[in-house]
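# Analysis of the macromolecular model
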Amino acid sequence: MTDVTERHILGISGGRDSAALAVHMRQTRPELQLEYFFTDTGKELREVYDFLDRLEGFLGRPIARLNPDRDFDFWLEEYNHFLPSARTRWCTRQLKLRPLEDWLKPDLAKGVKIHSYVAIRSDEPHRDGYQSTHPNMKVHLPLREAGIDRRGVIELLESAGVGEPAYYQWRTRSGCTFCFFQQKIEWVRLMSADPDAFAEAKAYEKSALEHGSPFTWSQGESLDDLARPERVTEIERDYEARKRRLISRRRPNPLASPETDLTIDDVYGVDEAFASCVTCHK
């Protein structure tokens, strides 16, 4: 058996963009021996796992599950029970990036050249994706190079018969059930869609606050406060009002319904480049 001198890898997050990239690469670069991988924190939305199975069927190749050797609870204790936040993303570092680096380390040390394909779209000029400092690792952005934007990503998935993950019906991004990048409406919807996951997030938050953590999952209020019926109603009404205002300002598109291309971040006016983590949510 000859030694491998190059590897081609593509990370699947459970989101639409990385899935569309996998579809795009299969259609345009079928000669590449791509290795697909998913870094599993153990706290993902259950719809993510269903979607991975469906995508595997289309690709005709397995998606390697890279499980961290130490889980979220271990690292939470290591970080003194302080919750991860947008400013201290230890969850991304320990549960997403570290398993990937450990997976690649032996080959990089042997001089193998790693080509990493990252799902940055053409309409995301501020995103760069995961950038390795190792000289043997090269990052490629095929969606950007092909001029594929958000609408193009959706069309790729639809034309391939893969479709989108089911959670897009109520949430903008993949990732952990208690991701701190969620908007408040997404917390409200998580409480309805997966009460057990919401209860687990509340328990983590309560423990963190008792240990002196300065962060709650949702900025400015605890999940206990957010879950109050009157607060839920307020959040839902605010979201619907924002959505109506946004739709009224948009130019009509005869090829799509007014809400087709809307994300929750669009409704709240949040720039995607600063609203999520490319490692988790693409």
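Per chain, residue numbering runs from 1 following the sequence as it is written. Predicted model: local features are reported for residues with pLDDT of at least 70 only, side-chain atom pairs are reported and counted for 80 or more only, and whole-chain, interface and lining totals are derived from all residues. Note that the side-chain values use all heavy atoms of the structure and ignore hydrogens as well as water.

## Some thoughts on the pairing of strand β3 (residues 63–66)
The line we're drawing: Pairing between two strands is assigned when DSSP locates at least 2 bridges connecting them. Every helix listed is a DSSP run of H or I at least four residues long, and every strand listed is a run of E at least two residues long, numbered separately from the N terminus. When the strands point away from the viewer and the path from the first strand over the helix to the second turns clockwise, the crossover is right-handed.
Note: strand β2 (residues 34–39) against β3, four bridges, orientation parallel. Note on β3: the bridge partner recorded for Tyr 36 is Ile 63. For the crossover from β2 across helix α2 (residues 46–59) to β3, the handedness is right-handed.

## Describing the pattern of salt bridges
Operational definition: The term salt bridge refers to a side-chain nitrogen of Lys or Arg lying within 4 Å of a carboxyl oxygen of Asp or Glu. Relative accessibility thresholds used throughout: buried, under 20% of the residue-type maximum; exposed, over 50%; partly exposed, between the two (1.4 Å probe, protein chains only).
Inspection of every chain in the model, using the stated rule, returns 25 salt bridges. The residue Asp 17 makes a salt bridge to Arg 121 at a minimum N-O spacing of 2.7 Å. In this pair, Asp 17 is assigned in helix α1 (residues 16–28) and Arg 121 in the loop between β4 (113–117) and β5 (137–140), connecting sequence segments 104 residues apart. As far as the burial class goes, Asp 17 and Arg 121 line up, both buried. Measuring nitrogen to oxygen at the nearest pair gives 3.1 Å for the salt bridge that ties Lys 184 to Glu 221. You can see Lys 184 sitting in helix α7 (residues 184–193) and its partner Glu 221 sitting in the loop between α8 (195–210) and α9 (223–226), a full 37 residues away along the chain. Of the residues examined, Glu 221 reaches a relative accessible area of 11% and is grouped as buried. Ionic contacts of the salt-bridge type, sharing partners, join the residues Arg 7, Glu 35, Asp 107 and Lys 110 into one network.

## Some remarks on the packing of aromatic side chains
Formally: Here the aromatic set is Phe, Tyr and Trp, taking the six-membered ring for Trp, and pairing holds for ring centres within 6.5 Å; pairs whose planes are under 30 degrees apart are stacked, those over 60 apart are edge-to-face, and all others are tilted.
Throughout the structure, instances matching the rule amount to 14 aromatic pairs. Summarising the aromatic geometry, the rings of Phe 37 and Trp 103 are spaced 5.3 Å apart at their centres and angled 55 degrees between planes, so their arrangement reads as tilted. Note that Phe 37 is positioned in strand β2 and Trp 103 in helix α4 (residues 90–109), a separation of 66 residues in sequence. Among the residues examined, Phe 37 registers a relative accessible area of 8% and is labelled buried. For the ring pair Phe 74 and Trp 75, a centre distance of 5.0 Å and an interplane angle of 85 degrees mean the geometry is edge-to-face. Classification of Phe 74 as partly exposed rests on a relative accessible area of 28%. You can call Trp 75 buried: its relative accessible area is 9%.

## Quick look at the sheet that holds β3
Keep this limit in mind: Here the axes come from fitting lines to C-alpha atoms, over the contacting stretch only for helices, and the angles between their N-to-C directions go from 0 to 180 degrees. Between two residues, a contact is recorded if the distance between any of their heavy atoms is within 4.5 Å.
Pairing within the open sheet is parallel, and its five strands lie in the order β3-β2-β1-β4-β5. The sheet is open, and its two borders are formed by β3 and β5, each paired with just one other strand. On average, each strand axis in the sheet is inclined to that of its neighbour by 30 degrees, with strand direction left out of account. Here strand β1 (residues 6–11) pairs with β2 via four bridges, running parallel. Each residue of the ladder has a partner; that of His 8, found in β2, is Leu 34. Packed on one face of the sheet, α1 meets β1, β2 and β4 and runs near 140 degrees to β1. With respect to the sheet, α4 is in contact with β1, β2, β3, β4 and β5, its orientation differing from that of β2 by roughly 145 degrees.

## What to know about helix α10 (residues 229–249)
To keep things clear, this is the line we draw: Expected span, for any helix, means 1.5 Å times one less than how many residues it has.
With 21 residues, α10 ought to run about 30 Å at 1.5 Å a step, and its terminal C-alpha atoms sit 31 Å apart, in line with that. On the buried face of α10, the contacting elements are α7, α9 and α11 (264–268).

## Here's the deal with the nonpolar core
To keep things clear, this is the line we draw: Here, nonpolar core means buried Ala, Val, Leu, Ile, Met, Phe, Trp, Tyr and Cys residues that are tied together by side-chain atoms lying within 4.5 Å of each other.
With 64 residues, the main nonpolar core has Leu 10, Trp 187 and Trp 217 as its most contacted residues. Contacts of Leu 10, omitting those with residues within four sequence positions, involve Ser 18, Leu 21, Ala 22, Met 25, Leu 34, Glu 35, Tyr 36, Phe 37 and Tyr 117. Core analysis: the second largest hydrophobic core is formed by nine residues, Ile 9, Phe 37, Leu 100 and Val 112 among them.

## Some points on α8
Because the α-helix completes a turn every 3.6 residues, residues three or four places apart line up on one side. The end-to-end C-alpha separation of α8 is 23 Å, in line with the 22 Å expected for 16 residues at 1.5 Å each. When we look at burial in α8, the residues that qualify are Ala 197, Phe 198, Ala 201, Tyr 204, Glu 205, Ser 207 and Ala 208. Downstream of α8 by a residue or two, Gly 212 has a phi angle that is positive, lying close to 90 degrees.

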